[in-house]
Amino acid sequence: MKLKNALLGMFTAAALLAVSGCQKAEAPAPAQTEAETAKETEAVKAEAETAAEKAADKEQEETTLTIPMSSCVTTLNRQFEITEAGWIMMGPIYDELFYMDVDETRYYLAESYEVSEDGLNVTVKLKDGLTWHDGQPITADDFIFSLECNLDTNNGAGFANVAFVNDQPVSYEKIDDLTVKLTLPQASASYAEALGHFTLMPKHVFNGDTHIVGAEENLKGIGSGPYKVAEFRQDEYLKLDKYENYYGGEPSIDHVIFKIVPDENAQEVAFVNGEVDFLEISTYDALQKYEADDTVTVIKYPEGRVNNLAINAFSPKFEDRRLVEAVFLAMDQKAIIEGAYGKGIAEPGNSPLSNVNLFYNAGNPYYEQDVEKAKEIVKELQAEGTTLTLVTNTNEGLKNMALVIQQQLKEVGLNLEITPLESSGYMEKIFSDDTDFDMYMMGYAAAGDPDNVVAGMFDGTWTQNLYSSERAAQLWKDGRGTSNMEERAEIYKELQKQVYEDRSIYPLAFPNYVFAVRSYVKGADTIRTAPIFEDFSKLSIEK
């Protein structure tokens, strides 16, 4: 009502000024009767009131989806955002080329892609009529510019796995304005899946300069997705407006706001108070609470991650691998999951590949608890009272699992010292060859093709301290070296069993992505991928 009255005053004043401004100076108008003056004034007021009502109605009709985030992006260029929060916040702004799911491929900027019979050439054709948020066309020049930015390793851009294959550069050729032909230095079975996630950058915004690290243009956020940047306040919020000329059709929701709320409890308070429309659920109690709430829709699906206990191969205490066996035998996987998450938040893990991975084998064995055998091994090794050091980060699920493991190891005569580290220090530590810690809690993305992330955890690309037998190392290479899907399936089936026998990691849990949205938010479960909302244009608000 305040908005309506304010607008009414504005429109009335403007209308009256317009009437007085139209008077001719050279000849006074005939005098109006009191009735005519009153009638004209009423007409002006009515017109102003109608205009104010329309403006107020328009404001009330606009829809906004508000999502809380624990951390904020530092750039608006998706090439430099590797965290989950970064990918979520950049998701509505930038579209991928295509997404290879287990049973389908969904095309976004790409019209098609073709792989040659020998696997050395990949040809990508962009859709016609694509535009950046500033209205400029998206072309093959943008594709090549983005690739060149990744070929310049000084940029530290996030798609090196598209620009290089086994450390050798990928070459390219522009076929026409929408088509690029890529030539790989050697065949790679996983390349197409990695290419699908490739994010293009607008060449014209960067003036063709491929040295993009530190560039001011990274904060412009000129993207290709269904939403464009409206306002960004570091560590406060990122506001997006719908891009009306989006090639996939005008989005239904007018605005998307990512609100930075670092504290999880504060996020829940904001959700309860109606200040945000989304809440990630990480405990069974919260799951039960919101499943019983009629004003909320709870959605749950596999996150595509493997949360695990990893053994530091450089630890002197594990020179005798029988102590690793004792640690694994001491652990009760079901109790660890229920103690850390509760029911419904995670499923028991049995593989280095997640339960939504292209080559996941559901029949791979699980580690089973045998406390008495664990005690025997500890006694044989004269390891009673040994203190093991475990590194973890601030993730609640990982920290809670560590606490349960601590109690279980105590039952077999082993002490566990838990060292929590903040994100940057944690990553530096677990990817090192340090010998002053013995184990670490870790979670990694393991959906899609195993060669793109999971292999790097075991072959030294990402971390160098995971034990891998010669047979496992060869199987990782074999899986990468053939493009025949049936052959790859057999290779990865054997590999999963080999990692189980190696005891490189204990795959404790396959976490579910569980979240609540207001019941008026529709389409949140249309595409079930993580991070959330692969396609924001599929969302709508129906109040």
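Notes on the structure in this doc start here. Please read these numbers as outputs of a predicted model, since none were measured by experiment. Here the residue index of a chain counts from 1 through its sequence in written order. The model is predicted, so local features are restricted to residues of pLDDT at least 70 and side-chain atom pairs to those at 80 or more, both for listing and for counting; the totals for chains, interfaces and linings are taken over all residues. Think of the side-chain values as coming from all heavy atoms in the structure, minus any hydrogens and water.

### Concerning unusual backbone geometry
Backbone geometry places Asp167, a non-glycine residue, at a positive phi of 70°. A positive phi is found at Arg503, a non-glycine position, where the angle reads about 55°. Elements are defined by DSSP. Helices are runs of H or I of four residues or more, strands are runs of E of two residues or more, and each kind is numbered from the N terminus. Within the secondary structure, Arg503 is located in the loop between helix 16 (485-502) and strand 20 (505-518).

### Topic: the layout of surface pockets
Any residue with an atom within 4 Å of a point lines the site, the site being either a cavity, points on a 1 Å grid over the protein atoms alone where a 1.4 Å probe fits but cannot get out, or a pocket, an open set with protein on both sides within 12 Å along at least 5 of 7 lines. Grid points are joined across faces, edges and corners, and a volume is the space filled by probe spheres set on the points. What the second largest pocket holds in volume is close to 400 Å³. Lining the second largest pocket we find 23 residues, and of these Val115, Ser188, Ala189, Ala192 and Ser483 sit closest to its centre. Of all the elements in the fold, those that place two or more residues in the lining of the second largest pocket are strand 4 (110-115), helix 6 (191-196), helix 15 (470-481) and helix 16. The greatest single-element share of the lining of the second largest pocket, amounting to three residues, is contributed by helix 6.

### Considerations on the nonpolar core
Nonpolar core, defined: a set of buried Ala, Val, Leu, Ile, Met, Phe, Trp, Tyr and Cys residues in which side-chain atoms within 4.5 Å join the residues together. Each residue is placed in one exposure class: buried if its accessible area under a 1.4 Å probe, protein chains only, is under 20% of its type's maximum, exposed if it is over 50%, and partly exposed if it falls in between. By size, the foremost hydrophobic cluster in this structure holds 49 residues, and its most contacted members are Leu309, Val327, Met439, Met441 and Leu508. For this core, the element with the highest residue contribution is helix 9 (residues 322-330), accounting for seven residues. Core analysis: the second largest hydrophobic core is formed by 32 residues, Leu238, Leu240, Ile253 and Phe536 among them.

### What about the sheet that holds strand 10 (residues 227-233)?
Think of it this way: DSSP has to see at least two bridges between two strands before they count as a pair. Strand order in this open sheet of four strands is 1-12-11-10, and the pairing throughout is mixed. Edge positions in the sheet fall to strand 1 (64-69) and strand 10, since each has one partner strand and no second. Shown here is a sheet whose adjacent strand axes are inclined to one another by a mean of 20°, direction ignored. In this analysis an axis means a line fitted to C-alpha atoms, helices contributing only their contacting stretch, and an angle means the value between N-to-C directions, from 0 to 180 degrees.

### Details of the pattern of salt bridges
Two side chains of opposite charge can pair, provided their charged atoms sit close to one another. Only one rule defines a salt bridge in this text: a Lys or Arg side-chain nitrogen within 4 Å of an Asp or Glu carboxyl oxygen. Overall, the coordinates contain 27 salt bridges when judged by the stated rule. Here Glu250 makes a salt bridge to Lys242, at a shortest N to O gap of 2.6 Å. Of the residues examined, Lys242 reaches a relative accessible area of 15% and is grouped as buried. One salt bridge in this structure joins Lys399 and Glu396, with 3.3 Å as the shortest N-O distance. Pair noted here: Lys399 and Glu396 are both in helix 12 (residues 396-410), with a separation of three residues, about one helical turn. A single network of salt bridges, built from pairs that share partners, joins Asp101, Glu104, Arg106 and Glu534.

### Observations regarding the side chain of Asn121
Tracing the backbone through its elements, the reader meets Asn121 in strand 5 (residues 121-126). Separated by 3.0 Å, the side chains of Asn121 and Thr183 make a polar contact. With residues up to four places along the chain from it excluded, the contact list for Asn121 reads Glu114, Val115, Ser116, Lys181, Leu182 and Thr183. Two N or O atoms count as a polar contact when they lie within 3.5 Å, although within protein this holds only if one can serve as hydrogen donor and the other as acceptor, and sequence-adjacent residues are included solely when both atoms are side-chain atoms. Note on definitions: a residue-residue contact is assigned when non-hydrogen atoms from the two residues lie within 4.5 Å.

### Section: the side chain of Asn364
Secondary-structure assignment places Asn364 in the loop between strand 16 (346-348) and helix 11 (371-380). Of the polar contacts made by the side chain of Asn364, one reaches the backbone oxygen of Asn350; its length is 2.8 Å.

### Details of the sheet that holds strand 9 (residues 179-183)
One open sheet holds the four strands; their spatial order is 4-5-9-8, and the pairing between them is antiparallel. Two strands close off the open sheet at either side, each with one partner strand: strand 4 and strand 8 (171-176). Within the sheet, the average angular offset between the axes of one strand and its neighbour, ignoring direction, is 20°. Summarising the sheet, strand 4 and strand 5 pair through five bridges and their orientation is antiparallel. By the bridge assignment for strand 5, Ala110 is matched with Leu126. Across the sheet, helix 4 (residues 140-151) is in contact with strand 5, strand 8 and strand 9; its angle to strand 8 comes to roughly 170°.

### Points about the pairing of strand 12 (residues 255-260)
Note that strand 1 and strand 12 share six bridges and pair parallel. Each bridged residue has a counterpart across the sheet, and for Ile67 the counterpart in strand 12 is Phe258. The pairing of strand 11 (residues 237-242) with strand 12 spans five bridges and is classified as antiparallel. By the bridge assignment, Asp241 is partnered in strand 12 with His255.

### Thoughts on the environment of Arg233
Within the secondary structure, Arg233 sits in strand 10. Owing to a relative accessible area of 41%, Arg233 belongs among the partly exposed residues under this scheme. Between the C-alpha atom of Arg233 and that of Cys72, which follows or precedes it by 161 residues, the distance is 9.5 Å.

### Observations concerning helix 11
Taken as a whole, helix 11 has its buried residues at Ala374, Ile377 and Val378. For helix 11, the angular spread of buried residues about the axis comes to 100°, placing them on one side. For helix 11, the exposed residues lying more than 90 degrees away from the buried face are Glu372, Lys379 and Glu380. Residues of helix 11 that are buried in the fold lie against helix 9. Phi for Gln382, located one or two positions after helix 11, is positive at around 55°. What the arc measures is the spread of directions leading from the helix axis to the C-beta atoms.

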